[in-house]
Each structure stands twice: as C-alpha cells, then as structure tokens.
Amino acid sequence: MKVKNSTWIKLLVLQYLSILCASQDFDFFYFVQQWPASYCDSRHSCCYPTTGKPAEDFSIHGLWPNYNDGKWPSNCDRKKSFDQSEVSDLVSRMQKDWPTLACPSGDGLKFWGHEWDKHGTCTTLNQHSYFQAALDLKNKANLLQVLQNAGIRPGKFYSLESIKEAIEEGVGYAPFIECNVDSSGNHQLLQVYMCVDTSASKFIQCPVFPHGRCGSRIEFPSFSDKSDSHDEF
C-alpha cells in the first residue's frame with residue numbers, strides 16, 4: 001500500500017511540475033511597439049479607437065514570450081481568459097499607450113484580451129503584472145524621445161541603420177525594425193522589436209530576430225497631419 005501511495009504522490013508531483021514548467025517554458029520576451037501613422041497608411045484600413053485619435057507616439061502592440069530557436073508558445077491556459085476587472089486601475093494608461101487601431105473602432109478591450117489570451121497566459125505573470133510590465137517597458141524605452149535625441153523626427157526619410165543605431169544608443173540594445181509599404185510604395189517604419197528578460201523587467205540582447213526586411217532608406221511618416229475628420233482610412 002505504501003508503495004502505491006508513494007507512486008501516486010510522485011505522479012502528482014510530476015504532473016504539477018509539468019504544468020509549472022509549461023507556464024515558464026520560454027526564453028525571453030519580444031516587446032513590440034508600433035508606429036500608428038505607418039499602421040494607418042497602408043492598403044489595410046485603420047480606425048481610431050472610440051476614445052479618440054491616439055497621440056503621435058509609439059504604441060504598444062504586445063509583450064510576447066519566445067524561444068531562442070525563433071518559435072513561441074501561444075494560448076497556454078484557456079481557463080485564465082482576460083478579465084477587465086483585473087486591470088481596472090490601468091485602463092486609462094492602456095487607452096493612451098496601448099490603443100487599438102483595428103476596424104471597426106473599439107475601446108481596446110478586445111485587443112487587450114487577445115494579447116493576454118494568446119501571449120500573457122504563456123507567462124508566469126498574472127494579468128495585472130503582465131500589462132503593468134508592458135506599460136513600464138514603454139516608458140523605459142521612450143522610443144520617440146530616443147529618436148528625437150538623434151535628430152530623427154516624423155515626416156522624413158532616414159537610413160534604416162541610423163534608426164537602429166539611435167535606438168541601440170538610447171535603450172542599450174539593438175532592435176529589430178519591421179517595415180510595411182505605404183500607398184505610394186515606400187517602405188516605412190512599422191514596428192520596433194526589443195528583447196526583454198523572462199521577468200519582463202529589463203531589456204536584453206536579442207537571442208534571435210524575427211524574419212523580415214526593410215529598405216535601406218525608410219520613411220518615418222507623420223501622424224499629426226492625418227485628418228481628424230475621418231475614423232477610417
């Protein structure tokens with residue numbers, strides 16, 4: 001009887017450890033910020049959130065756990081779906097720094113829920129800590145200010161290398177730049193990927209970069225001169 005009990009306990013412990021490891025099984029985060037003008041100026045439409053047009057600043061896309069081999073976990077715990085009440089004290093900051101630009105216009109809840117369900121459930125963070133960490137990382141990186149300090153401002157074309165160098169100088173680590181193509185066929189700065197340790201508290205050197213290419217000279221389009229009279233492009 002003792003042998004059976006011992007075996008049963010061992011099985012329970014192994015099951016618990018397997019669940020725990022599954023929730024911790026990633027190597028680093030991609031912290032991804034997008035430039036709203038580039039998101040909107042493409043063949044895909046964009047809609048301003050119901051809270052109004054976002055400021056001309058980088059906005060959070062997501063905080064995504066990844067593996068060193070370039071793969072990533074997703075939708076790890078369907079029992080822990082997004083609960084707005086868990087982040088009620090962060091909503092005003094999220095509306096400002098993590099707005100939705102998807103159509104139709106929304107209040108952000110669907111966007112944030114998608115990010116938590118797909119990515120946040122694969123971390124050891126609870127919902128509040130996950131969103132708080134992303135907001136704090138945005139403030140820490142301060143990408144728009146970093147670029148402005150290097151003389152890089154919206155509304156002009158710049159070399160891809162100058163943008164990378166400015167961010168590396170300002171944040172301390174090299175970024176990955178993702179581009180898209182505007183309605184005139186120009187490559188433009190769409191997203192900036194920075195790598196973060198598994199505690200989601202500090203930037204690190206990226207173990208691996210995503211796939212994708214930009215032109216050697218890319219546009220950093222202005223968002224402030226977009227018409228405020230239309231919600232959709």
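- You'll find the protein entered in an unreviewed UniProt entry as Ribonuclease 3, with Abeliophyllum distichum given as the organism.
- Under the UniProt heading Sequence similarities (unreviewed entry), the note attached to the protein is "Belongs to the RNase T2 family."

1. So, helix α7 (residues 160–171)
- Between its first and last C-alpha atoms α7 spans 17 Å; for 12 residues at 1.5 Å apiece the expected length is 16 Å, and the two agree.
- Listed in full, the buried residues belonging to α7 are L160, I163, A166, I167 and V171. For α7, the buried positions fall inside an angular range of 135° around the axis, keeping them on one side. Facing away from the buried side of α7, by more than 90 degrees, are the exposed residues E165 and E169.
- Taken from the residues just after α7, G172 is the one with a positive phi, measuring 110°.

2. Focus: the environment of K138
- Looking at the secondary structure, you find K138 in helix α5 (residues 127–141).
- Separated by 40 residues in the primary sequence, K138 and W98 place their C-alpha atoms 9.6 Å from one another.
- Dropping the residues within four chain positions of it, K138 is found in contact with F31, Q33, D57, F58, S59, I60 and D97.

3. Observations concerning the packing of aromatic side chains
- All told, the structure shown has 14 aromatic pairs when counted by the stated rule.
- Ring geometry for W64 versus Y193: centroids 6.1 Å apart, planes at 75°, classification edge-to-face. Of this pair, W64 sits in strand β2 (residues 59–66) while Y193 sits in strand β5 (residues 187–196); the two residues are 129 residues apart in sequence, bridging distant segments of the chain. Just as W64 is buried, Y193 falls in that class too.
- Between the aromatic rings of W116 and Y130, the centroid separation amounts to 5.5 Å while the plane-to-plane angle is 70°, which identifies the pairing as edge-to-face. Residue W116 is located in helix α4 (residues 109–118), and its partner Y130 is located in helix α5; the two are separated by 14 residues in the primary sequence. Neither W116 nor Y130 differs from the other in exposure class; each is buried.
- Here the aromatic residues F28, Y30, W64, F176, Y193 and F209 are joined through ring pairs into a cluster of three or more.
- For K53, the ring lying beneath its charged end belongs to F223, and the centroid distance is 4.7 Å.

4. Describing the pattern of salt bridges
- Across all of its chains, the model carries 6 salt bridges by this definition.
- Between D77 and K80 there is a salt bridge; the shortest N-O distance is 4.0 Å.
- For D77, a relative accessible area of 25% puts it in the partly exposed group.
- Salt bridges linked by common partners bring D57, K96, D97 and K138 together as one network.

5. Some thoughts on the state of the cysteines
- Counting across every chain of the model gives 5 disulfides.
- Along the protein, the cysteines engaged in disulfide bonds are linked according to the scheme 1-2, 3-5, 4-6, 7-10, 8-9 when indexed in sequence order.

6. With respect to the side chain of Q33
- Counting through the fold element by element, Q33 comes out in strand β1 (residues 28–34).
- Sequence-distant contacts of Q33, defined by excluding residues within four places in its chain, comprise F58, S59, I60, H61, K138, A141, L143, L190, Q191 and V192.

7. Description of the environment of D83
- Looking at the secondary structure, you find D83 in the loop between β2 and α3 (91–97).
- Residue D83 is classed as partly exposed on the basis of its relative accessible area of 33%.
- Sequence-wise, D83 and G113 are 30 residues apart; in three dimensions their C-alpha atoms are separated by 7.8 Å.

8. Regarding the UniProt feature "active site" (unreviewed entry) in the protein
- Under the local residue numbering, the UniProt record ascribes the feature "active site" (unreviewed entry) to H61, E115 and H119. These annotated residues cover 59 residues of sequence, but their C-alpha atoms sit close together, with the largest distance between any two at 11.5 Å.
- Looking at where E115 falls in the secondary structure, it is placed in helix α4.
- For E115, the residues in contact, after removing those within four places along its chain, are H61, G62, W64, W98, G120 and Y130.

9. Quick look at the nonpolar core
- Of all hydrophobic cores here, the largest spans 51 residues; its most connected members are F58, L63, W98, F131, I163, I167 and I177.
- Looking at this core, the element that brings in the most residues is α5, giving 7 residues.
- Excluding its chain neighbours within four sequence positions, the residues that come into contact with I167 are L143, V146, L147, G172, Y173, P175, I177, V192 and M194.
- Residues Y30, V32, W64 and C195 belong to the second largest nonpolar core, which totals 8 residues.

Calculation notes
Residues numbered from 1 in each chain as written. Predicted model: local features only at pLDDT ≥ 70, side-chain atom pairs only at ≥ 80, totals over all residues. Heavy atoms only, no water. UniProt positions renumbered as here; feature names shortened; annotations may be inferred. Helix = DSSP H or I, 4+ residues; strand = E, 2+ residues; numbered from the N terminus. Expected span 1.5 Å × (residues − 1). Buried < 20%, exposed > 50% of the residue type's maximum accessible area, 1.4 Å probe, protein only. Arc of directions from axis to C-beta. Contact = heavy atoms within 4.5 Å. Phe/Tyr/Trp six-rings, centres within 6.5 Å; stacked < 30°, edge-to-face > 60°. Lys NZ or Arg CZ within 6 Å of the ring centre and 35° of its normal. Salt bridge = Lys/Arg side-chain N within 4 Å of Asp/Glu carboxyl O. Disulfide = S-S within 2.5 Å. Core = buried A, V, L, I, M, F, W, Y, C linked by side-chain atoms within 4.5 Å.

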